[in-house]
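Structure assessment
Spelled out, the chains give:
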Amino acid sequence: MNQRQKKQLKNKIRQAQIVSFDLYDTLLFRKFRQPQDIFVWMECAVGIPGLAKEREKMQVRAARFYRKKYGVPHPTLHEIYQYWEHQEMTGRQKSASFYKKLEALERKLEEELCIPNRAMQEMMVYARQQKKRVIITTDMYLEKTELERILKHCSLVQWDTVYASSEYRKTKYNGTMYDYLIKTEKAAPGSILHIGDDKHADVEMAARKKLQVFWYRDSQTDLAESLSMQAYVPDGTSKDFWYILGYQVGGPLYMGLCRWLIRTTQGSSIYALSRDGYNITRLLPLFAQGNIRYLLASRNAWLLPHMTTLGRQELKLLPPYSCGQTIWEALECAGLLELPVQEFQKVGFAGYEDVIKSRRDILRMKQVYRNNRRTILKICAREREYMEQYLCAQKADGKEICFFDSGWRGTSQYLLEHYMKAVQKKSMVRFCYAGIDDISGSHLLKDSIYSAYLNVYLDKKKLHSLLSSSAVLELFFSQDAPPLKRYGKDAPVFDKYARREEIRVINLGLEDYVRQNQRFFKAFAPQAAEQFGVFGLRRLVMSPNRMEAQIIGDLADADGMSSAGAMKKYIAKIPKDSLKSNPFLDIYWEQGVYRHPQNSFGICLYVWLRQRAASIVKKIDNHYKKR
């Protein structure tokens, strides 16, 4: 909460005799994004597909059953499992011990996954200092004794009693809990202050019963603060949207990725490529995996060294890759600024400042490369020598080395394999990736040896949809540091770089998650961490909320996007002027475009039609290739 809100709430507390706090999302936070995520984790832990949906469905059915038969607003957790025990799941009846173990697991998870909300904890202490009676009022299927244990587990002890709907069979949602509270406390309704986040149950119904209310709405910022206070955070850290994104999406992703990488490499030496491997290099040693090194690498630095000829595939790998760049930017990206401007004027360009506006301009650039094949191959030979010096010094050209890269299309492995052939090295090149698009990038890795984390848990179509938004994925595989441009004769040369504070904060959030929850995942079926790590990332990319679409979508020139000083490019925001000047503007995050509040319906419709048309053309093309 901000200082103004704290002042308002403290003033209300001083005027009240009894201060009532809602529990979940007010006094306590769960480390998962949604309450239902606990069911997903349980499914991963027990290894029964569909268990999460079945658990959620049984809660609804049990509530209907107990409401109809016994007239209670909802069942307790034990009653849910009693009801479930008599139902069939996945076509066969489970034993009574199975449901007892599952119930025990859920109770333990509920306790382990809760953290105190530091902002509300401060208000609870203040209320006690003002000699107010402090109570907790919650609608929850956990029993009162269980809730009291969770509160103590979270070091929340400044309360007098707990009013739980599971205990008294009354709820805030229908107002009966407030009637019971007023009667039991023997207090005038106006002397009770209730604090909660739910607009209906905590605000509207409490006000209808004449209680004083405070609507607590600043939970996102406070969640970041509460999470960060569970671990070491340097002074000045911005605990905001980016921290939450790193903690809730990047954290589970790296928890699963680290465990998968250990299982896959089985003790082999790992070289993590910069900057994609920055986080994995820091986090893998936490899992007693110390044989990992950080290797300076980049697509640009490996592009020229791998070339011994300038055929169709090599030309395809040379920039520009899309419209919007100037000729100078494309040449700088490729390391080919030695090509004289006259060569570009021969094919119709005016000079280096010309903007590449169409596919025809891209083809003209490729023609310049063909015309200067000899000059380019000389540059390639020189860059290959510098690369060899660096890799030899790092002992990264030996046998049976495993490289880690974020992946997406496998270009780095393709370039490294061809470099090894060019320098006549017989090292086996093996890669471990976060994910590889088997649909659009597999041709580069034909006959290559690699493994990919996301590929294990997503089918090809879902994986392709996820990896098509690589600009969003790159946010979790980066470092707030300049990228490698060239290896150079004497020392590596880095590209120009403007600091990206959001990357630094994302990395801090995901590191905090892994440090805080490593013990938890190790104790509760560690194999589930691998599967669970995929869910948050997939949800973000495929089903973002409006706030995520806007804040992430407003990032310009993010990692993984083509540099384009001549044209501002955003991850999901599409200004009308940009679309008019370049109708073939790259779409970096399709679902983000649809959810971005500043994109008009016309822009969204245009993007949808364009993406569907591109998909149809690709299917037809693939069909004829197979024939």
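Residues numbered from 1 in each chain as written. Predicted model: local features only at pLDDT ≥ 70, side-chain atom pairs only at ≥ 80, totals over all residues. Heavy atoms only, no water.

**So, the overall build of the protein chain**
To be explicit about the condition: The secondary structure listing takes helices from DSSP runs of H or I that are at least 4 residues long and strands from runs of E that are at least 2 residues long, numbered from the N terminus. In this description, contact between two residues means that some pair of their heavy atoms is separated by no more than 4.5 Å. All accessibility values rest on the Shrake-Rupley procedure with a 1.4 Å probe; residue burial counts only the protein chains present in the view.
Within the protein chain, the secondary structure is distributed over 29 helices and 14 strands. Its C-alpha atoms give the protein chain principal-axis dimensions of about 95 × 50 × 50 Å. Here the analysis covers contacts within the protein chain between residues at least 6 apart in sequence; of these, 70% occur between residues at least 24 apart. Surface accessibility of the protein chain: about 28,500 Å² in total, with carbon and sulfur atoms responsible for 50%.

**Details of the sheet that holds strand E6 (residues 192-196)**
To be explicit about the condition: By this definition, two strands are paired if DSSP reports at least two bridges between them. Simply put, an axis is a line fit to the C-alpha atoms, just over the touching stretch for a helix, and the angle between two N-to-C directions goes from 0 to 180 degrees.
Pairing in this open sheet of 5 strands is parallel, and the strands run E5-E4-E1-E6-E7 from one edge to the other. Edge positions in the sheet fall to strand E5 (161-164) and strand E7 (212-215), since each has one partner strand and no second. Strand-to-strand twist of the sheet, defined as the mean angle between neighbouring strand axes without regard to direction, takes the value 25 degrees. Taken together, the 4 bridges between strand E4 (residues 133-138) and E5 define a ladder with parallel strand orientation. Across the sheet, the residue bridging to isoleucine 135 is threonine 161, located in E5. Across the sheet, helix H7 (residues 144-153) is in contact with E4 and E5; its angle to E5 comes to roughly 130 degrees.

**Some points on the environment of leucine 284**
As for its position among the elements, leucine 284 is in the loop between helix H13 (278-283) and strand E9 (292-295). Between the C-alpha atom of leucine 284 and that of isoleucine 80, which follows or precedes it by 204 residues, the distance is 40 Å.

**Examining the pairing of strand E8 (residues 270-273)**
The cut-off we apply is this: Throughout, exposure labels follow a simple rule: accessible area from a 1.4 Å probe, protein chains only, divided by the maximum for the residue type, with under 20% read as buried, over 50% as exposed, and the rest as partly exposed.
The side-chain alternation of E8 yields two buried faces, one formed by Ile270 and Ala272 and the other by Tyr271 and Leu273. Sheet topology note: the E8/strand E10 (residues 401-408) ladder contains 3 bridges and is parallel. Residue pairing for E10: isoleucine 270 is matched across the bridge by cysteine 402.

**Notes on the packing of helix H12 (residues 241-265) against helix H26 (residues 546-553)**
Selection criterion: Should an angle fall under 35 degrees it is taken as roughly parallel, and over 145 as roughly antiparallel, whereas 65 to 115 is taken as roughly perpendicular and any remaining angle as oblique. Any residue outside Ala, Val, Leu, Ile, Met, Phe, Trp, Tyr, Cys, Pro, Asp, Glu, Lys and Arg is labelled polar, Gly included; the first ten of those are nonpolar and the last four are charged.
Orientation of H12 relative to H26, taken along the N-to-C sense of each, is 110 degrees, at an axis distance of 12 Å. On the basis of the axis angle, H12 is roughly perpendicular to H26. Where H12 approaches H26, its residues Phe241, Trp242 and Leu245 are matched on the opposing element by Met547, Glu548, Ile551 and Ile552. Considering only residue class, the contact of H12 with H26 consists of 6 nonpolar, no polar and 1 charged.

**Observations concerning helix H2 (residues 37-46)**
The buried count for H2 comes to 8 of 10 residues, which makes it a mostly enclosed element. Those residues of H2 that fall on the buried side of the exposure criterion are Asp37, Ile38, Phe39, Trp41, Met42, Glu43, Cys44 and Ala45. Where the residues of H2 are buried, they touch helix H3 (51-70), helix H4 (77-85), helix H5 (96-112), helix H24 (501-523) and helix H25 (527-542). Directly beyond the C-terminal end of H2, a positive phi value near 70 degrees is found at glycine 47.

**Here we look at the pattern of salt bridges**
The line we're drawing: Salt bridge, as used here: a side-chain nitrogen of Lys or Arg that lies within 4 Å of a carboxyl oxygen of Asp or Glu.
Under the definition given, this model contains 30 salt bridges. The salt bridge partner of glutamate 146 is arginine 107, with a shortest N-O separation of 3.2 Å. Of the two residues, glutamate 146 is situated in helix H7 and arginine 107 in helix H5; the sequence distance between them amounts to 39 residues. Pair check on accessibility: glutamate 146 and arginine 107 agree, each one buried. Arginine 128 is paired through a salt bridge with aspartate 160; the nearest N and O atoms lie 3.3 Å apart. Linking arginine 128 in helix H6 (residues 118-129) with aspartate 160 in the loop between H7 and E5, this pair joins segments that are 32 residues apart in sequence. Given the relative accessible area of 34%, aspartate 160 is considered partly exposed. Within this structure, Glu103, Arg107, Glu111, Glu143, Glu146 and Arg149 form a network of salt bridges that share partners.

**Considerations on empty space enclosed by the protein**
The cut-off we apply is this: Cavities and pockets were defined on a 1 Å grid built over protein atoms only: a cavity is a set of grid points that admits a 1.4 Å probe from which the probe cannot escape, a pocket is an open set flanked by protein on both sides within 12 Å along at least five of seven lines, and lining residues are those with an atom within 4 Å of any such point. Grid points are joined across faces, edges and corners, and a volume is the space filled by probe spheres set on the points.
Scanning all chains against the criterion turns up 1 cavity of 30 Å³ or more. Lining the largest cavity are 14 residues, with Tyr570, Lys573, Ile574, Leu585 and Asp586 sitting closest to its centre. Across the lining of the largest cavity, the residue classes tally to 9 nonpolar, 1 polar and 4 charged.

**Section: the sheet that holds E9**
Within the open sheet, the 5 strands sit side by side as E9-E8-E10-E11-E12. Their pairing is parallel. Across the chains shown, the open sheet's two edge strands, defined by having one partner strand only, are E9 and strand E12 (449-452). When the angles between neighbouring strand axes are averaged without regard to direction, this sheet yields 30 degrees. With 4 bridges connecting them, E8 and E9 associate as parallel partners. Counted as the bridge partner of leucine 273 is leucine 295 from E9.

**Quick look at the state of the cysteines**
Should the sulfur atoms of two cysteines be covalently bonded, the bond is a disulfide. How we decide: What counts as a disulfide here is a pair of cysteine sulfur atoms lying within 2.5 Å.
Summed over all chains, the structure comprises 0 disulfides. Here cysteine 432 stays unpaired: no disulfide links it, and the sulfur of cysteine 402, its closest cysteine neighbor, is 3.5 Å away. The class for cysteine 432 is buried, based on a relative accessible area of 0%.

**Some details on unusual backbone geometry**
Peptide bonds are trans in most cases, and residues, glycine excluded, mostly fall at negative phi. For the bond from serine 274 to arginine 275, the omega torsion is -10 degrees, close enough to zero to count as cis. Cis geometry marks the peptide bond from proline 319 to proline 320, where omega comes out at 10 degrees. Here proline 320 shows up in the loop between helix H15 (312-317) and helix H16 (327-334). The phi torsion at serine 155 lies on the positive side, around 65 degrees, for a residue other than glycine. On the secondary structure map, serine 155 appears in the loop between H7 and E5. A positive phi angle, near 60 degrees, is found at arginine 169, a position not held by glycine.

**Comments concerning the packing of H5 against H7**
What counts here: Two helices crossing with the near one rotated counterclockwise from the far one by less than a right angle form a left-handed crossing, whereas a clockwise rotation gives a right-handed crossing.
Running from N to C, H5 and H7 point in directions that differ by 35 degrees, and their axes come no closer than 9 Å. With respect to the hand of their crossing, H5 and H7 are arranged in right-handed fashion. Across the interface between the two elements, Arg107, Glu110, Glu111 and Glu112 of H5 pack against Glu146, Arg149, Ile150 and His153 of H7. Per-class residue counts for the contact of H5 with H7 are 1 nonpolar, 1 polar and 6 charged.

**What about the nonpolar core?**
Filter applied, for reference: Among the buried residues, those of types Ala, Val, Leu, Ile, Met, Phe, Trp, Tyr and Cys that are joined through side-chain atoms within 4.5 Å form a nonpolar core.
Counting 131 residues, the largest nonpolar core has Trp41, Tyr254, Phe476 and Ile552 as the members making the most contacts within it. Sequence-distant contacts of tyrosine 254, defined by excluding residues within four places in its chain, comprise Asp276, Asn279, Ile280, Leu283, Phe476, Phe477, Leu510 and Val514. Counting residues in each nonpolar core, the second largest holds 54 residues, with Leu295, Ala301, Met307 and Ala452 among its members.

**Things to note about the packing of aromatic side chains**
For clarity, the threshold we go by: In this scheme Phe, Tyr and Trp rings, the latter by its six-membered ring, pair at centre separations within 6.5 Å, and the angle between planes marks the pair as stacked below 30 degrees, edge-to-face above 60, and tilted otherwise.
This model, assessed by the stated rule, comprises 30 aromatic pairs. With a centroid separation of 6.1 Å and an interplanar angle of 40 degrees, the aromatic rings of tyrosine 271 and phenylalanine 403 are classed as tilted. Of this pair, tyrosine 271 sits in strand E8 while phenylalanine 403 is found in strand E10, placing the two residues 132 residues apart along the sequence. Exposure remark for tyrosine 271: the relative accessible area of 6% places this residue in the buried category. Look at phenylalanine 532 and phenylalanine 535: their rings are 5.8 Å apart centre to centre, the planes differ by 85 degrees, and that puts the pair in the edge-to-face class. Of this pair, phenylalanine 532 and phenylalanine 535 both sit in helix H25, 3 residues apart, which is roughly one turn of the helix. For phenylalanine 532, a relative accessible area of 6% corresponds to the buried category. By the ring-pair criterion, three or more aromatic residues cluster together here, those being Trp41, Tyr243, Tyr247, Tyr513, Phe520 and Phe521.

Purely geometric stuff here, so don't read any function into it on its own.
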